[in-house]
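# An overview of the molecular structure
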Amino acid sequence: MLAVTQEHLLYKTVVIQSKIRLNRPMNVFTRFLKLAICLLSLPVLSCDNAYAEDVKATYVGGSSCVTCHKRESQAWSGSHHYLAMQHASTETVLGDFQNKTFSYNGVTSTFYAKGKKYFVKTDGPDGKLRDYEIKYTFGVTPLQQYLIELEDGKVQALGIAWDARPKAQGGQRWYHLYPDDKVDHQHEMHWTSREQNWNYMCAECHSTNLKKNYNSETHSYNTTWTDINVTCEACHGPGSKHIEWAEKQSTSKTNEKELLDLGLTVRLNDRDDVSWVLDEITGNAVRSKELVKHKETEVCARCHSRRSTISEDYIPGDSYSDHYQLALLTDFLYHPDGQIKEEVYVYGSFLQSKMYHKGVTCSDCHDPHTAKLRAKGNALCLQCHQSKKFNSKKHTFHDLNSKGSECIECHMPAKTYMGVDSRRDHSIRIPRPDLSVKLGTPDACTNCHTDKNPQWADASLKKWLGKDWNLGWHFGETLKEARDRVPSAGQDLAAVAASQKLPSIARATAAEDLVQYLSPVTLVVVKNLLKDSEPTIRLAALHHLDLINEQGRLTLGLPMLDDPSRSVRIEAARILSVVPNATIPEKYKDSMDKALSEYKKAQMANSDRPESYMNLGLLEIRLGNFLKAETYYKKALELDPKFVNGYINLADLYRLQQRDNDVESMLSEAKQIAADNAAVHHALGLHYVRVKKGDAALPELKRAYDIEPGNVRYGYVYAVALSTHGDLQESISILENVHKTHPSDRNILVALISYNLKRDNKKAATKFAEKLLALDPQYGSVVKILNDLGQAK
């Protein structure tokens, strides 16, 4: 019996493994087979790891690392990572709790200490003053926040923070993080609201191996961590197998795989055996070997990026896109040229930089353990850029050692967040005042020269560098066209999305914006983007499939169900969910089921947020399960009775079911909760239009427009309603106001032409027809536009 052939053993292993789920622990016989193969000296499996192979590494705590890694531990001690979150104590609290008061929006809060505990008397969720114990400190400098434990395991971040800067810099004071917003207990940014909930908003990146442990039935948290702060395992991954590897060193029982990864889930070795060699011609250094995979940067990106979470199971070394979806260069977050606007936490900016694409990693500039820069001032940049060329007045046009001669002032301009926290733009760009003139984006020169404008800066650069100095077209010009809804932007967006020379985040943004310009021509580009190596681009391209016919959706979408990225798979499943199951080919049904399951699990990873239930409700509508959809929408409103979008979506579900009374009831309830929400008034106005209550519709549509006059849809719909009621003059007035802020919107222009023709004002109609033709020459001619719309009147 022992004289079994190697081939027979292999065959048996294959047969048995095909019947065993991959995530099931090895049974005794399977282990025997693995050991038998090892004894036969087959190069298939490692004998040393035959028992441990399926055992996942576990977190052991940062203190376990100190014995062997004393130097790194000492460097880390006292760093921002070390101080990311701490228990409140006399050693950790920086704020003045000596019965200090702070007044904001009619509420006076008092900070005081009692023994070794710290308290604040401030307004609670009902607006009444109460005493709350400070349980944790959050951060250290330039500000320190304070966390308070409420019922059901909720931990909330107080809106009043301590300015930890020196007094000479304006610090050593209490201040409110939203000084201009008049935040009261009913405001969405009040410290007791879900927007200030630590468990969901902040916890994952300030502690190690944090498990949110939200119970969706009881709406409670039992959040845990291995270490309260950011320790070794937050970046290097769970350390149990690394410790096993270290213990084996003295016995020489280390196998080949362990020698390669040291028992870690990820080796942060992007800089190992790498040097930067100076090119004497360009003055720039070149990496000695190409960086193929940005392992280190992706580990940092997990916390240093603006993103949404689709999984709670991240382990350092995992693919970023399997757990997170990166925020793109949207109007809310970034300026059109990619400069920072809102808080985006570095990664999205760094992806745009030449440094990233040349192989620069985070730790080339930042010491990963102290979290400090590796050198001060220009010396940091001169690690890779020749001093005689770049650290000279000939390059900077400013005196040496002046602020204007500092690399970061021109190439990494700063913006202040949270009142006192100055953060550098990591896109590390060449100043482009010409773009600032064209796009209205920030200009690095006038950050310092505040009495000047970008035109002056552009003229100065041309004076220094010559009139012909021009860096040429920038992707921001095309993204700005998309934001302005310029009709001719489609081809340019397609070109940006398709270009392999541009940053992936810019390409993905262009692909996302291209949705509004979908055509047979752009669809050709989309087909290629679905095969791109970058998951962010494949994900953006997928969104086009929502707008094409069922056969096209199947042809292009089905293969994406097996995409290596979870972000892409779950979006493919969502898009294909509207297709009848009988239409899905048999070979894809299992993939579809798995991807749909992943999508639902991704939503439940954020089940403490009403948006997740709304997404699940939308999915069930696509699947035709109206009853389940209603259950999810109601769950969203149970979680947050002020969640306005939940009311609007539930009302829309009732519309689909022709439950008109329920539609009106739901929207009226939303109106009581959020009287100044434009979307509610707009939805209610549209409902009245559908049920032919025109007199009731007009005030609601007007209210929506009055609240958000910059919303082109609200303006357009209100103007159309006015026209229907015979008030052409007021309708045209509204359209003209909207046109001033949205000069490239074709619907507005067409309405202006049409309504002016109805009033026999051909002069005004001709003016707007000329504008429409300039935006889109495909209309043919002014005469054709006037004739076509004149006949339609």
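Anything mentioned here points back to the structure above.
So, here is what we can say about the structure in this document.

### A word on the packing of aromatic side chains
The geometry of an aromatic ring pair is captured by the separation of the ring centres together with the interplanar angle, meaning the angle of the planes. In total, this model carries 20 aromatic pairs according to the counting rule given. Relative to F111, the ring of F97 has its centre 5.6 Å away and its plane inclined at 85 degrees; by these criteria the two rings are edge-to-face. Here the residue F97 occupies a position in the loop between β1 (85-87) and β2 (98-104), and F111 occupies one in strand β3 (residues 107-114), the gap between them amounting to 14 residues. Each member of the pair, F97 as well as F111, is classed as buried. Geometrically, the ring pair formed by F97 and Y118 is edge-to-face, given 5.1 Å between the ring centres and 75 degrees between the ring planes. Of the two residues, F97 sits in the loop between β1 and β2 while Y118 sits in strand β4 (residues 117-123), which places them 21 residues apart along the sequence. Comparing F97 with Y118, the two get one shared label, buried. Three or more aromatic residues link up through ring pairs in this structure, and these residues are F97, F111, Y118, Y146, W162 and W174.

### Some remarks on the packing of helix α34 (residues 746-758) against helix α35 (residues 762-775)
Interhelical geometry of α34 versus α35 gives an angle of 155 degrees and a closest axis separation of 8 Å. Our classification of the angle between α34 and α35 gives roughly antiparallel. Handedness of the α34/α35 crossing: left-handed. In this structure, α34 contributes R746, L749, V750, L752, I753, N756 and L757 to the contact, and α35 contributes A764, A765, F768, A769, K771, L772 and L775. Considered class by class, the residues forming the contact of α34 with α35 number 11 nonpolar, 1 polar and 2 charged.

### Considerations on the state of the cysteines
A full pass over the atoms with the stated rule returns 1 disulfide. One disulfide bridge connects C205 with C303, the sulfur atoms lying 2.3 Å from each other. Torsion about the S-S bond of the C205 and C303 cystine: about -95 degrees, corresponding to left-handed handedness. Note that C205 is positioned in the loop between α4 (198-201) and β10 (214-215) and C303 in the loop between α8 (295-301) and β14 (307-309), a separation of 98 residues in sequence. Residue classification places C205 among the partly exposed positions, given a relative accessible area of 24%. Of the residues examined, C303 reaches a relative accessible area of 24% and is grouped as partly exposed.

Here is what the cut-offs are and how they apply
- Residues numbered from 1 in each chain as written.
- Predicted model: local features only at pLDDT ≥ 70, side-chain atom pairs only at ≥ 80, totals over all residues.
- Heavy atoms only, no water.
- Phe/Tyr/Trp six-rings, centres within 6.5 Å; stacked < 30°, edge-to-face > 60°.
- Helix = DSSP H or I, 4+ residues; strand = E, 2+ residues; numbered from the N terminus.
- Buried < 20%, exposed > 50% of the residue type's maximum accessible area, 1.4 Å probe, protein only.
- Axes fitted to C-alpha atoms, helices over the stretch in contact; angles between N-to-C directions.
- Parallel < 35°, antiparallel > 145°, perpendicular 65-115°, else oblique.
- Left-handed = near helix turned anticlockwise from the far one by under 90°.
- Contact = heavy atoms within 4.5 Å.
- Nonpolar A, V, L, I, M, F, W, Y, C, P; charged D, E, K, R; others polar.
- Disulfide = S-S within 2.5 Å.

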